[in-house]
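Chain and residue survey
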Amino acid sequence: QVQLVESGGGLVQDGGSLRLSCAASGRTFSSYTVGWFRQAPGKERELLAAIGWSNSNTYYADSVKGRFTISRDNGKNTVYLQMNSLEPEDTAVYYCAAWVPRSSVVVTTTPPDYWGQGTQVTVSS
């Protein structure tokens, strides 16, 4: 069992930056693929970024490519999402999620096995 706890959300102005953190329990967390999702009011939850066990294995949605960076510190059991050039359209609840280790994970189509509780990000214009 893995528990995920997000932090770092808040209110920021248009063009500002935030860094979200996802702290996980579990000694084998380093082997999990981890992703960040968001859900805005009235919209479907969308995958923004994902990272494998290594910082060199990442995925980004087109909507955040070049603005958001996902990374992980396996020693701290933590995954980060650095968000730059934030826009009002980025306002949403942001969720951390994890996939248990398996032979292959298609993050764009496979539902995660674990979810965090979410953290609110609000970008004011």
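Relevant structure appears above.
Our subject in this report is the structure included herewith. (Residues numbered from 1 in each chain as written. Predicted model: local features only at pLDDT ≥ 70, side-chain atom pairs only at ≥ 80, totals over all residues. Heavy atoms only, no water.)

Comments concerning the sheet that holds strand β3 (residues 18-24)
Reading across from one edge, β1-β3-β8-β7 is the order of the four strands in this open sheet, with antiparallel pairing throughout. Edge positions in the open sheet fall to β1 (4-7) and β7 (68-73), since each of these has one partner strand only. Averaged over neighbouring strand pairs, the angle between their axes works out to 15 degrees when direction is ignored. Here β7 pairs with strand β8 (residues 78-83) via six bridges, running antiparallel. (Pairing = 2+ DSSP bridges. Helix = DSSP H or I, 4+ residues; strand = E, 2+ residues; numbered from the N terminus. Axes fitted to C-alpha atoms, helices over the stretch in contact; angles between N-to-C directions.)

A closer look at unusual backbone geometry
At N77, a position not held by glycine, the phi torsion is positive, near 50 degrees. Considering the arrangement of structural elements, one finds N77 in the loop between β7 and β8. Within the chain, S85 stands out as a residue other than glycine whose phi angle is a positive 50 degrees. Its place among the elements puts S85 in the loop between β8 and β9 (92-99).

A closer look at the packing of aromatic side chains
Under the defined criterion, the tally for this structure stands at five aromatic pairs. Summarising the aromatic geometry, the rings of Y95 and W115 are spaced 6.3 Å apart at their centres and angled 90 degrees between planes, so their arrangement reads as edge-to-face. Within this pair, whereas Y95 is found in strand β9, its partner W115 is found in strand β10 (residues 114-115), the two being separated by 20 residues in sequence. Aromatic rings pair up to connect F37, Y95, W99 and W115 into one cluster. One cation-aromatic arrangement involves R45 over Y95; the distance from NZ or CZ to the ring centre is 3.9 Å. Above the plane of the ring of F29 lies R72, whose end atom (NZ or CZ) is 5.4 Å from the centre. (Phe/Tyr/Trp six-rings, centres within 6.5 Å; stacked < 30°, edge-to-face > 60°. Lys NZ or Arg CZ within 6 Å of the ring centre and 35° of its normal.)

Quick notes on the pattern of salt bridges
Going through the model one piece at a time under the given rule, you end up with five salt bridges. The residue E46 makes a salt bridge to R38 at a minimum N-O spacing of 2.7 Å. Judged by its relative accessible area of 29%, E46 falls in the partly exposed class. For the salt bridge of R38 with D90, the shortest nitrogen-to-oxygen distance reads 2.8 Å. With R38 in strand β4 (residues 33-39) and D90 in the loop between β8 and β9, this pair connects stretches of sequence that are 52 residues apart. Of the two residues, R38 and D90, both sit in the buried class. (Salt bridge = Lys/Arg side-chain N within 4 Å of Asp/Glu carboxyl O. Buried < 20%, exposed > 50% of the residue type's maximum accessible area, 1.4 Å probe, protein only.)

Re the environment of S31
Structurally, the position occupied by S31 is in the loop between β3 and β4. Placed 24 residues apart in sequence, S31 and S7 show a C-alpha to C-alpha distance of 22 Å. Contact partners of S31, with chain neighbours within four places excluded, come to W53 and P101. A polar atom in the side chain of S31 sits 2.7 Å from the backbone oxygen of T28. (Contact = heavy atoms within 4.5 Å. Polar contact = N/O pair within 3.5 Å; in protein donor to acceptor, adjacent residues only side chain to side chain.)

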